[in-house]
Number of protein chains: 2
Amino acid sequence: MIFINSFDNIFELARGKKATVVVAEACSEHIMDTVEKVLEQGLANMVLVGGEATIKKIAENRGLDASKFKVINATTPEEACKIAVDAVNSGKATSLMKGNVDTSIIMSAILNRENGLRIGKKLSHIAAFKPPHYHKLMFVSDCAININPDFDTKIDIIESAVAAVRNLGINQPKVALLAAKEKVDEKMPITQEWAKIVDIHRAGEKMQNCIIDGPLALDNAVSKQSCQIKGIDSPVGGDADILICPNIEAGNILYKSLSFMANAQNGGVVVGAKCPIVLTSRADSTESKLISIALSVLM
Amino acid sequence: MIFINSFDNIFELARGKKATVVVAEACSEHIMDTVEKVLEQGLANMVLVGGEATIKKIAENRGLDASKFKVINATTPEEACKIAVDAVNSGKATSLMKGNVDTSIIMSAILNRENGLRIGKKLSHIAAFKPPHYHKLMFVSDCAININPDFDTKIDIIESAVAAVRNLGINQPKVALLAAKEKVDEKMPITQEWAKIVDIHRAGEKMQNCIIDGPLALDNAVSKQSCQIKGIDSPVGGDADILICPNIEAGNILYKSLSFMANAQNGGVVVGAKCPIVLTSRADSTESKLISIALSVLM
């Protein structure tokens, strides 16, 4: 069983998997740039879907040997997405990566009820960080997809995050349900929802193979000292693996704060589908893109 | 005019003001500990309200000279809060500090319609940070008081933050209205509210003496590079002084992330009343308490 406590060995572990990543619409310099780095580092085999002639031309111009990847021709972005999703469904690929295509187009292929990648859950985004001032990796969800998740979606988000993190060898992840305070407060509906979710978890009904506590403020989740001062005795306090955010604003702001203000290395994937999905953007650093791809291989 | 770009000279500037801070209910070791440090550093004169005998006894046990502060006797926490508020109203003190008393009790004295400290605005909390990876101070509001501020309260929060920061010598603060993305999105109501607030600001109607832009994601507010990559041309982008949060969960999580994950020095005060109010908690570090008191003197 693998066990990941930092990003130091994530690339080596990904190499060991010999997984295959399929790229939906690979026809662009910046996508081929990432493809080249994945191949250089041997992180995964690559199947590139898109205009075959263009892909081969870009590869040739970069001096990239076309025998190192597989190409499947597609004439439109929609077709490229459908072929990429089919490649996952037929077992030819184990991760899907968005190429040079609008998120809405690839999402519609993924969410297609007949031949998409649904497994009966809402999709969610999970981000992974190694903050310099935290003793281990920190996973945060959802920072990017579900705007104001309802109760059942919150449970999907938690279950998908736990499943993903368990695949990294953290068998019993500690999950903190974040709010603005650690007490249930009738003026803050999210604190009541989190308390109800903890009850369901403790009753053994859903969200198993993890330890969940909440509501917790962020400081309680990441600092044992903060718990001591406030007299909080929580099985998750100060040692959370997964932070579940109350809404997309809180999630996105935490994500950006960890990346830009705490200088935390990071990556992220979409979970809750048949396979992990990598939706990197051009704004991501190369390191962050490669961490995301490695995570998708391992999760 | 003072100008504060870090916390380095904040104590010296506070000393220059020779201000008076009144403490509502000073009878406790941990409050007297803070009082002692304020006096040692000469940050402000102190008026301590509470049981006179107890306060003098605690001072004596600590070897603290009782001639260095003033005591006003009060027999109940409610009376102490009323006396402290009166001291501000009569001009005897310029800042109010919560002592060993429940927040609800001091709030009820502050919010009293006849003899409280109202100035027709909603109260809000403003936190000040010096994140190691940011080029100047960063002010964040509201992380602690308004749970889900309505449109008018959002305007109060912005106006109070701008007034407070201008008192620190930042004449035309740049204000970023934070959301999960930088574009108006009908599925995210906060992005529409922020756009409307920017319109009101640009029409010159309210929220003047500052530059406001939004919606902005946190990375756009604090990183010029992030704006360049996303093609965002914002007068606030990458150089925000003030970050306005969409809801208390986002605000509180950002506050805790900056304190605990980005190791940012910080302090905070309540604004929107006749004087700044310091509500430090026992969990705050000594440095953070002193920064808060110095800010209250300067704001």
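No experiment lies behind these values; they were computed from the predicted model shown.

Draft legend 1. Summary view of the overall build of chain A. Counting its secondary structure elements, chain A contains eleven helices and eleven strands. Scaling as 2.2 N^0.38, a compact globule of 299 residues should have a C-alpha radius of gyration of about 19 Å, and chain A matches this with 20 Å. C-alpha atoms of chain A, sized along the principal axes, occupy 65 × 40 × 35 Å. Out of the 299 residues belonging to chain A, those deemed buried represent 60%.

Draft legend 2. Main features of the state of the cysteines. Tallied over the entire structure, the rule returns zero disulfides over all chains. Free cysteine Cys81(A): the closest other cysteine sulfur is in Cys27(A), separated by 12 Å.

Draft legend 3. Spatial organisation of the relation of the copies chain A and chain B. Its rotation angle being 180°, the transformation that places chain A on chain B also includes 0.0 Å of axial translation and leaves an RMSD of 0.1 Å. The transformation just described matches what one would write down for a two-fold rotation axis.

Draft legend 4. Representation of the interface of chain A and chain B within the structure. Counting residues at the interface gives 36 residues for chain A, matched by 36 residues for chain B. Approximately 3100 Å² of surface area, both sides summed, lies buried where chain A meets chain B, with 75% of it carried by carbon and sulfur atoms. Among the residues of chain A in contact with chain B, Glu249(A), Ile253(A) and Met261(A) are the three that bury the most area, contributing 24% of the side total. At the junction of chain A with chain B, the criterion picks out two salt bridges. Residue Lys256(A) is joined to Asp219(B) by a salt bridge in which the shortest nitrogen-to-oxygen separation is 3.1 Å.

Draft legend 5. Just the pairing of strand 1 (residues 20-24) of chain A, in detail. Residues and elements named next belong to chain A. With five of five residues buried, strand 1 lies mostly within the body of the structure. Going residue by residue along strand 1, you find Thr 20, Val 22 and Ala 24 tucked away on one face and Val 21 and Val 23 tucked away on the opposite face as well. By the bridge criterion, five bridges tie strand 1 to strand 2 (residues 45-50) in an arrangement that is parallel. Each residue of the ladder has a partner; that of Val 21, found in strand 2, is Met 46. In this view, the connection linking strand 1 to its parallel neighbour strand 2 by way of helix 2 (residues 29-41) has right-handed handedness.

Draft legend 6. Structural context of unusual backbone geometry. Note that the residue after Ser141(A), namely Asp142(A), is joined by a cis bond; omega there is 0°. Of note, Asp142(A) is situated in the loop between strand 6 (138-141) and helix 6 (151-166). Put simply, Gly214(A) and Pro215(A) share a cis peptide bond, and its omega is 0°. Inspection of the secondary structure puts Pro215(A) in strand 8 (residues 211-216). Non-glycine residue Met207(B) carries a positive phi angle of around 55°. Position of Met207(B) among the secondary structure elements: in the loop between helix 7 (189-202) and strand 8 (211-216). Despite not being glycine, Asn209(B) shows a phi value in the positive range, around 60°.

Draft legend 7. Quick peek at the packing of helix 4 (residues 77-89) of chain B against helix 5 (residues 103-111) of chain B. Residue and element names in this part refer to chain B. Where helix 4 meets helix 5, the closest approach of the two axes is 9 Å, and the angle between their N-to-C directions is 40°. By the angle between their axes, helix 4 is oblique relative to helix 5. In this structure, helix 4 crosses over helix 5, and the sense of that crossing is right-handed. Listed contacts from helix 5 to Pro 77, Glu 78, Cys 81, Lys 82 and Val 85 of helix 4 are Ile 105, Ile 106, Ala 109 and Ile 110. By residue class, the composition of the contact of helix 4 with helix 5 is seven nonpolar, no polar and two charged.

Draft legend 8. Spotlight on the packing of aromatic side chains. Residue and element names in this part refer to chain B. If you walk through the whole model with that rule in mind, you get two aromatic pairs over all chains. Between Phe 129 and Tyr 255, the aromatic rings sit 5.4 Å apart at their centres with planes inclined by 75°, giving edge-to-face as the arrangement. Here the residue Phe 129 occupies a position in strand 5 (residues 124-130), and Tyr 255 occupies one in helix 10 (residues 248-261), the gap between them amounting to 126 residues. Both residues of the pair, Phe 129 and Tyr 255, count as buried. Directly above the aromatic system of Trp 194 lies the positively charged group of Lys 154, at a separation of 5.8 Å from the ring centroid. Over the ring of Phe 151 we find Lys 196; its NZ or CZ atom is 5.3 Å from the centre of that ring.

Draft legend 9. Seen up close, helix 7 of chain B. Counted at 1.5 Å a residue, the expected span for helix 7 of chain B with its 14 residues is 20 Å, and the 20 Å between its end C-alpha atoms agrees. Residues of helix 7 of chain B that are buried include every one of Ile190(B), Thr191(B), Trp194(B), Ile197(B), Val198(B), Ile200(B) and His201(B), and no others. Against the buried residues of helix 7 of chain B lie helix 10 (248-261) of chain A together with helix 6 (151-166), strand 7 (174-178), strand 8 and strand 9 (242-244) of chain B. Count one or two residues on from helix 7 of chain B and you reach Gly204(B), which has phi positive near 80°.

Procedures and definitions
- Residues numbered from 1 in each chain as written.
- Chains lettered and ligands numbered in written order.
- Predicted model: local features only at pLDDT ≥ 70, side-chain atom pairs only at ≥ 80, totals over all residues.
- Heavy atoms only, no water.
- Helix = DSSP H or I, 4+ residues; strand = E, 2+ residues; numbered from the N terminus.
- Rg over C-alpha atoms; globule rule 2.2 N^0.38 Å.
- Buried < 20%, exposed > 50% of the residue type's maximum accessible area, 1.4 Å probe, protein only.
- Disulfide = S-S within 2.5 Å.
- Least-squares fit on C-alpha atoms with pLDDT ≥ 70 in both.
- Contact = heavy atoms within 4.5 Å.
- Buried area = accessible area lost by both parts, 1.4 Å probe.
- Salt bridge = Lys/Arg side-chain N within 4 Å of Asp/Glu carboxyl O.
- Pairing = 2+ DSSP bridges.
- Right-handed = clockwise from strand over helix to strand, strands pointing away.
- Axes fitted to C-alpha atoms, helices over the stretch in contact; angles between N-to-C directions.
- Parallel < 35°, antiparallel > 145°, perpendicular 65-115°, else oblique.
- Left-handed = near helix turned anticlockwise from the far one by under 90°.
- Nonpolar A, V, L, I, M, F, W, Y, C, P; charged D, E, K, R; others polar.
- Phe/Tyr/Trp six-rings, centres within 6.5 Å; stacked < 30°, edge-to-face > 60°.
- Lys NZ or Arg CZ within 6 Å of the ring centre and 35° of its normal.
- Expected span 1.5 Å × (residues − 1).

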